[in-house]
Each structure stands twice: as C-alpha cells, then as structure tokens.
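Examining the three-dimensional arrangement
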Amino acid sequence: MHELDTPTFRLAVAQFDQAAEAMELDHNLRERLKLPQRSLIVTLPVRRDDGRVEVYTGYRVQHDTARGPTKGGIRYHPDVNLGEVAALAMWMTWKCALADLPYGGAKGGVAINPKQFSRPELQRLTRRYAAEIFPLIGPDKDVPAPDVGTDAQVMAWIMDTYSQQMGYSVPGVVTGKPLSIGGSLGREEATGRGVVCVTMEALRHLKLDIRNTTVAIQGFGNVGFHTARIMQECGARVIAVSDVQGGLYNSNGLDIPELFTRYKTNGQSLRDTKLGDWLSNEELLQLDCTVLVPAALSEQITKHNAPKLRCRILAEGANGPTTLEADRILQDQGVFIIPDILANSGGVIVSYFEWVQDGQRFFWKASDIQERLQDIMITAFHRTLEFSVSKKTSMRMAALMSGIDKVAQAHLYRGLYP
Ligand code: GLU
C-alpha cells in the first residue's frame, strides 16, 4: 500500500475509517473499499513545439465498479500522483452513491502544469494519454470528465481519440464536452450551481437571509467563478475571491461579471484588476463572512488555520479541502459544514445527465437540467441533514455513511467473486 501513501490518500482513508467504524461496516468490505479496484500508471512521451520529446506520467484509477461504470474527472496539475488520484477516485464513489447516480468512482490525472504547454502540445499530450488509458475507458466502463486544469476542449480531444480507435463517434465516453459533439447544457456551470443550491438550503435551515449573506471564495477556476456569479445573482454579497497568487477583497461586494472579463484579459490573473484590495489566500480563508467556499485544491483548511476561520457555513466546492483535525476544530466552533461529496456533486450530476442524453441521442432543455439538478441536490441535502440530526453526527459523517452504505449493499448483494 506504500505506493498510495500520500497526505490526500491518508485523509480519504481516515474519513472512510471513521465512517466505517461509526456504521459498523463489515470488516471484509472495509479492507476492500479502502483500496482502489484498479490503478493504471501510464508513461506519455510528448513532442514539444521545439522538437524535443519529453516524458510525463499519467494515471487512471477506478475505485469501485459495484454500482455501475466508474465516473470521475481528469486533473492536469504538477502535484498529481497515484495517492492523490486514488483518494479522489474514492471520494467519487461516495459522491455518486450519495446522489444515487448509477456509477462507481474513478479519477485520472497527468503530472504537468498545463499553463506551460501550448495548445498543440496539450492536444498531443491529451491524445497520447487517451490512447494509453483506452483499455480502461468507454461509455459502459469508465467515463472521464473535466477537473482541475482540464476543460471541454480536453474532453473533445479524448472523445475524438477514442472515437478514432473505435471507427465511429462515441460521445458517451466522456462528459463535460462541447455542445456541438454531444455536451449538455448547464454542464460547465453545474458544480457552481450545485454549491449555491445546497448553500441556499443551509441558509434556510439556519434561518439566515441571502440578502445579508457575505461570501468568500478561494479559487476562481470553473467552480469558483460560477459559484461567485450565481451567488451574486441570488442576492448574496461576494466580498472576496482568489486565484493561486492571491485574491481581491471588497466589503461592498465584487462585481463578478466585470471581474471575470478583466481576469481573462489579464492573462487569467486577478492581480491588477483593480476591483478590490489585494489579500493573500490565507487572509481570504480567515475573513469574517457568512459562507466560505474553498473551491481550489485539497488540504487548504488545516489545524493551523481552522481556529482562525470566521465563517458560519463552509461549503466545500473543492474535493478534500479540510483535514480531519481541522474538521473537528470547525465542528467545535459550530461551523455548518456542507461536505465536498455533497456540496460539489452538481458537476457529476449534470455529467450523468449528459451521459444519459448521449445514450438516448435526445437532448434536454436548460430548464429541465436545472430543475433535475436541484431536485437531486435538495433531496441529498435534506437526507444528509436528517441523518446527521437523528444520528447526532456531523454532516460529513452523515454524507459519507449514506454513500458508503449504498456501495456496501451493492457489494453484499452481488457477493464475492469467484
Ligand atoms: N471532476 C468533477 C468532480 O470532482 C466532476 C466529475 C464528473 O463529472 O465525472 O466531481
């Protein structure tokens, strides 16, 4: 197991152990579900624009296939490693089960900084990666999607590479594609819309008014941006957002559409957009606000900064942003936590809609997608809340336990092979 042993994997396993203990999960299943079902490491030789060939490492991990094909994003980030991908795949399993999607969890990644690649280089790398993981993926096997550092264009290249090998177009092999090749309306904003949807439910539960709600968001990628935009459209005041370098603070609320325009013309940087005061990522996390949304990477909220957090609600847009020690501190402080596998499940839910539409060759209206997304998320939120109240456990444990329980049932019914 040592090859998986990284901080993120340890966090995922520690969460699992805690939930498994509390629910008295079958010991045979415990050992199995702690580890991924399949892990593939691939070596990717890629020709750079200057003619040199450089070699990169990629991964695809399928955590569990008991409930259906596996599902999960592909991450392009320099810190990607087997343990991180395995942890993210495990979280996808619980996330899909919690939302009642007929999927197991998977994740993939390549250890690169995509910002250091030209578009043709990124295309060559993506196609080679898709060709190497080809034996594992397919609409009925494992369906990748965007994650940190990847987008609809990357999905289009994967879909094309897979389709070239098959000899016909297979839109359902990935989700988060462009609309013109079988993508779904509402997929790009889905994670952000889902974060806002469950945050609104939490505000209602805590009897807080959206008009007096202030929001701070760590991250201004796909999740951070759409969360900020939709929060503002719903009437909240978004007082801070950040990117990797740092963030902007404006107590009157940031103008998100204007900020996004300047961010793009500024080479994807918030610095010099002049719409607020500059602050560090650490300062952003410690702002006095109603809702804090970590929407960047894992392990951002630790035992060191957790005592300094000043939010009422923590809505986890990112996967695994809070360490176990920090979790305990925040609970003691009375912070209402909407855990990642619930808060950020909007992305995979609309991915599921996309996959269903691809399979049926019949595409839905934007309003149908929003309505069905909200229906699933609101149900999952209240089921988790009721479970957490009745069992006197945290929202995180409640979410994990209901996800794990569905996976355990599938395993117990199917039995052990051979
Ligand atoms: N990468 C996203 C996540 O972590 C979406 C996965 C998907 O759509 O399959 O949930």
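This text goes with the structure placed above it.
Residues numbered from 1 in each chain as written. Predicted model: local features only at pLDDT ≥ 70, side-chain atom pairs only at ≥ 80, totals over all residues. Heavy atoms only, no water.

Contacts to the ligand come from 14 residues, most closely from Lys-71, Lys-95, Lys-107, Asp-147 and Ser-351. Asp-147 has a polar side-chain atom sitting 2.8 Å from a nitrogen atom of the ligand. Compared with its free state, where it exposes 290 Å², the ligand has 95% of that area covered by protein. Elements with a minimum of two residues in the shell around the ligand: strand E3 (70-76), helix H3 (82-98), strand E5 (142-146) and helix H12 (346-360). When the residues that make up the shell around the ligand are grouped by side-chain class, the tally is four nonpolar, five polar and five charged. (Near = heavy atom within 4 Å. Polar contact = N/O pair within 3.5 Å; in protein donor to acceptor, adjacent residues only side chain to side chain. Areas by Shrake-Rupley, 256 points an atom, 1.4 Å probe, with all protein chains shown as cover. Helix = DSSP H or I, 4+ residues; strand = E, 2+ residues; numbered from the N terminus. Nonpolar A, V, L, I, M, F, W, Y, C, P; charged D, E, K, R; others polar.)

The subject of this paragraph is the sheet that holds strand E7 (residues 237-242). A sheet is described by the order of its strands in space; here seven strands give the open sequence E9-E8-E7-E6-E10-E11-E12, paired in mixed fashion. The open sheet has two edge strands, strand E9 (277-279) and strand E12 (336-338), and neither has a second partner. Geometrically, the sheet is characterised by an average inter-axis angle of 30° between neighbouring strands, direction not taken into account. In terms of strand pairing, strand E8 (residues 247-249) meets E9 through three bridges, oriented antiparallel. (Pairing = 2+ DSSP bridges. Axes fitted to C-alpha atoms, helices over the stretch in contact; angles between N-to-C directions.)

One pass over the structure, following the stated rule, counts 14 aromatic pairs. Note on Phe-336 and Phe-381: the rings are 6.3 Å apart at their centroids and 45° apart in plane angle, and the pair reads as tilted. Of the two residues, Phe-336 sits in strand E12 while Phe-381 sits in helix H13 (residues 366-390), which places them 45 residues apart along the sequence. Looking at Phe-381, the relative accessible area reads 0%, which means it is buried. (Phe/Tyr/Trp six-rings, centres within 6.5 Å; stacked < 30°, edge-to-face > 60°. Buried < 20%, exposed > 50% of the residue type's maximum accessible area, 1.4 Å probe, protein only.)

Here the focus is the pairing of E7. Burial analysis of E7 places five of its six residues in the buried class, the great majority of the element. For the segment spanning strand E6 (residues 214-218), helix H7 (residues 222-233) and E7, crossover handedness is right-handed. For E7 and E8, the ladder comprises three bridges, and the chain directions are antiparallel. Bridged to Ala-240 within E8 is Tyr-249. (Right-handed = clockwise from strand over helix to strand, strands pointing away.)

For the coordinates displayed, the defined rule picks out zero disulfides. Among the cysteines around Cys-96, which has no disulfide bond, Cys-197 carries the closest sulfur, lying 17 Å off. Residue classification places Cys-96 among the buried residues on the basis of a relative accessible area of 0%. Its sulfur unpaired, Cys-289 is 5.4 Å from the next cysteine sulfur, which belongs to Cys-311. The exposure class assigned to Cys-289 is buried, which follows from its relative accessible area of 6%. (Disulfide = S-S within 2.5 Å.)

Strands sit in the order E1-E2-E4-E3-E5 across an open sheet of five strands; the sheet is mixed. The open sheet terminates on both sides in strands that have one partner only, identified here as strand E1 (38-47) and E5. Across the sheet, the mean angle separating the axes of adjacent strands is 20° when strand polarity is ignored.

By secondary structure assignment, the location of Leu-25 is in the loop between helix H1 (7-22) and helix H2 (27-34). Between the C-alpha atoms of Leu-25 and Ile-404, which are 379 residues apart in sequence, the distance is 8.8 Å. For Leu-25, the residues in contact, after removing those within four places along its chain, are Phe-16, Ala-20, Arg-30, Ile-404 and Ala-408. (Contact = heavy atoms within 4.5 Å.)

Once that is clear, we can look at the layout of surface pockets. Of the pockets and cavities examined, the second largest pocket occupies roughly 390 Å³. Every element with two or more residues in the lining of the second largest pocket is listed here: H2 and helix H14 (395-414). Looking at which element gives the most residues to the lining of the second largest pocket, the answer is H14, with four residues. (1 Å grid on protein atoms, 1.4 Å probe; cavity = no way out; pocket = protein on both sides within 12 Å on 5 of 7 lines; lining within 4 Å. Points joined across faces, edges and corners; volume = space filled by probe spheres on them.)

Bringing the packing of H1 against H14 into the picture now. H14 packs onto H1 with a crossing angle of 75° between their chain directions and a minimal axis gap of 9 Å. The orientation of H1 relative to H14 falls into the category roughly perpendicular. Counted together, Gln-15, Phe-16, Gln-18, Ala-19 and Ala-22 of H1 and Arg-396, Met-397, Leu-400, Met-401 and Ile-404 of H14 form the full contact between these two elements. Across the contact of H1 with H14, the residue classes tally to seven nonpolar, two polar and one charged. (Parallel < 35°, antiparallel > 145°, perpendicular 65-115°, else oblique.)

The values are spatial; any link to function lies outside them.
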